[in-house]
Every structure is written in structure tokens, then in C-alpha cells.
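Structural characterization, general
For reference, the chains in residue letters:
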Amino acid sequence: MGSIIKNKYLILRRISQLTILFLYFGANAYGWKILVGNLSLSKIFDKIPLTDPFAFLQMLFAGAVISTDMLVGFIIIVLFYGLIGGRAFCSWVCPVNMITDLAAWLRRKTHHEKDNLISAMKIKQFRYWFAGILLIISALTGAAAFEFISPIGIFTRGIAFGLGFGWVWLLAIFLFDTFVLKNGWCGHVCPLGATYSIIGAKNLIRVKHNKDNCTNCGNCLMICPEPQVLTQIINKKSDFISGIECTNCGRCIEVCNDNALNFSIRNYIKGEKNEKANN
Ligand code: SF4
Ligand code: SF4
């Protein structure tokens, strides 16, 4: 029971990710209407559209006709993650996260974790450039470039319609993350993760660090898929994790034995007041 409570966010995330896949599967196999479509474009109860924001941008750049559903779905997603979730799509929704988390776990078990932590930090900006390049390619070719190779789309469509050779691409990402680069795909390459980082830069739900409780054990840094967001703050100050690449996965909270990390809600108004009081 203790380990269930200790890993409650991890368990809830897996339930969330698997439930979403199950609902897509059920929509295709049994005609369920709870969640129809795929992670690029879906509808809840045949009424509420949800649009992958990076797919939307690619279509916009490609000059495709944007339907009202796509536009409304895009606005709903931007509002939800922009205000509340931050980059939570990556850890609570995206099925690829289950593969990359497994690779990260295997990497920790085989003691690969320290090797390229520093060099990887230098190239973590690549994903933003890659997203830009894909938008330019979309504009030049008139087609949503990333959608052809997106492991997120391959995984989701694979659950509903069969994976085909898509498993080769998913296996390649797993091997890349396990043997080549720590958190290689999600932490360096994926343009959708980069898009959610930008969308959720100012969201309200954030991990908060309590410096007084911190013993600087480093457990959180070891487990975090984006440790650069923690190094700015751990054992330095009591504050919110403000790094935009935090996925709100909650793993840092779960591995902290000193109650130095917790989810909290950013209070911009109070923050401004505090700043004025300090001046
Ligand atoms: S970075 Fe990309 S592949 Fe990884 S969890 Fe986020 S959306 Fe999915
Ligand atoms: S800081 Fe914590 S919640 Fe954010 S990505 Fe790292 S482990 Fe997850």
C-alpha cells in the first residue's frame, strides 16, 4: 500500500494514458463515442473537438483548409494546457511517454544515466529548431511534415487500426533513449513536446520546491526527464519550478523523501505583491 501511495502520480499517469488508448480502441472496434479519433484530432462525446496544436500549426503552414472543429479544438487545447496543465500532455496523455520512461528506467538500471547529462543539456534546444524546420517544410510541401513520422500518431493509430511496421519506429526511439541519449526523443527531439512547453510556459499548476526541507540528496535530479528545470532551484531557493520543459509528471515529488517538492498553484497576483513589497 505504501508503494502505491508513494507512486500515486506514476500510477495515475499510466491509468490516464492507457484509458485514452482504450477509448480510441473502443471507438474504432465497438463504435463508442466517448473519445473518437486519434491524438491529432478527436472528439469527446461526438461534440467537443480536440486538436493537436502542432498538427494544427503544420496544417496552417501547409495552407490546408482549417475546419471550425479544428480551430475550436486547437483553442480548447491551448486554453487547457496554457492555463492549467502546462506540458502535462507529455506525461499524462502521450503514449510514447510509456516507452521513453521504460528506456529511462532501463538506462538508470544499467548505469548509463550520468554519461551525457551535461552534453545533452547543450542540445536540448534542438527540439525548438526542429519544430520550426518542420513548419517550414510543411509550408514548402503543402503537407503536415511531422505527421508522416510522428510516433505519437503511429502509436495511437496503431492501437485502433494495427501497428504495421510502426513498431520499428517505436523500437528505434526506445533504443535511442536507452543506449544513445538520455531522454533523447522527448527531451531533445519531439516537436510536439516543444510546442506544449511553449503553450504551457505560464500555466498555474506547478511543482514547488521548499528549500528548508531539502537535503540536496539529488533523487529528483536523477529521475527527472528534464533535470535542467530542477538545477535552477534545488537547494537554492524556495520557489516554483518555472522551467517550461517540466512535464508535471510528479516523479520528483514521489522520489523526494524530505517533502521538499509538491504540486502547488502559482499565484501571479501574490507574486507581484511580494515583488513590490521586497522593492
Ligand atoms: S515529448 Fe513528444 S513523444 Fe515525448 S511525451 Fe511529449 S509529445 Fe509524447
Ligand atoms: S521537475 Fe518534477 S514534475 Fe517536472 S519534469 Fe521533472 S520530475 Fe517531472
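Look above for the structure.
Here's a quick rundown of the structure.

About the thresholds
Residues numbered from 1 in each chain as written. Chains lettered and ligands numbered in written order. Predicted model: local features only at pLDDT ≥ 70, side-chain atom pairs only at ≥ 80, totals over all residues. Heavy atoms only, no water. Helix = DSSP H or I, 4+ residues; strand = E, 2+ residues; numbered from the N terminus. Near = heavy atom within 4 Å. 1 Å grid on protein atoms, 1.4 Å probe; cavity = no way out; pocket = protein on both sides within 12 Å on 5 of 7 lines; lining within 4 Å. Sits in = over half its atoms within 2 Å of the grid points. Points joined across faces, edges and corners; volume = space filled by probe spheres on them. Domains from an automatic or database assignment. Salt bridge = Lys/Arg side-chain N within 4 Å of Asp/Glu carboxyl O. Buried < 20%, exposed > 50% of the residue type's maximum accessible area, 1.4 Å probe, protein only. Patch = residues over 30% accessible without salt bridge, like charges linked within 9 Å, V, L, I, M, F, W, Y side chains within 5 Å. Areas by Shrake-Rupley, 256 points an atom, 1.4 Å probe, with all protein chains shown as cover.

With a phi close to 55°, Asn 216 is a non-glycine residue in the positive phi region. Relative to the helices and strands, Asn 216 resides in the loop between strand S4 (205-209) and helix H13 (219-223). Positive phi, close to 55°, is recorded for Asn 259, a residue that is not glycine. Structurally, the position occupied by Asn 259 is in the loop between helix H15 (251-255) and strand S6 (261-265).

In the neighbourhood of ligand 1, the contacting residues comprise Arg 87, Phe 89, Cys 90, Cys 94, Val 96, Asn 97, Ile 152, Trp 185, Cys 186, Cys 190, Leu 192 and Gly 193. Judged by the proximity of its atoms to the pocket grid, ligand 1 belongs to the second largest pocket. Counting residues per element, the ones that place at least two in the shell around ligand 1 are helix H5 (88-93), helix H6 (96-109), helix H11 (184-189) and helix H12 (191-199).

With that out of the way, let us pick up the layout of surface pockets. Considered as a void within the structure, the second largest pocket measures approximately 420 Å³ in volume. Surrounding the second largest pocket, 29 residues form its lining, Arg 13, Asn 97, Thr 100, Asp 101 and Pro 225 being those nearest its centre. Those elements that provide at least two residues to the lining of the second largest pocket are helix H2 (8-30), H5, H6, H11 and H12. Of the residues forming the lining of the second largest pocket, the biggest block, eight residues, is contributed by H6. When residues are assigned to domains, the lining of the second largest pocket turns out to be shared by domain 1 (1-112 + 122-199) and domain 2 (204-265), each giving three or more.

Applying the stated criterion across every chain, the model contains seven salt bridges. Residue Arg 14 is joined to Asp 101 by a salt bridge in which the shortest nitrogen-to-oxygen separation is 2.7 Å. One end of the pair, Arg 14, is in helix H2; the other, Asp 101, is in helix H6, with 87 residues separating them in the sequence. A relative accessible area of 23% places Asp 101 in the partly exposed class. A salt bridge links Asp 69 to Lys 43, with the shortest nitrogen-to-oxygen separation between them at 2.9 Å. Of this pair, Asp 69 sits in helix H4 (residues 68-85) while Lys 43 sits in strand S2 (residues 41-44), placing them 26 residues apart in sequence. Classification of Lys 43 by relative accessible area gives partly exposed; the value is 24%.

Glancing now at a nonpolar patch on the surface. Residues Leu 71, Ile 75, Leu 79, Phe 80, Leu 83, Ile 84, Leu 204, Ile 205, Ile 265 and Tyr 268 make up a contiguous nonpolar surface patch of about 870 Å² in total accessible area. When residues in the nonpolar patch are grouped by element, the largest group, six residues, is from H4. Examined against the element boundaries, Leu 79 turns out to sit in helix H4. Residue Leu 79 is classed as partly exposed on the basis of its relative accessible area of 49%.

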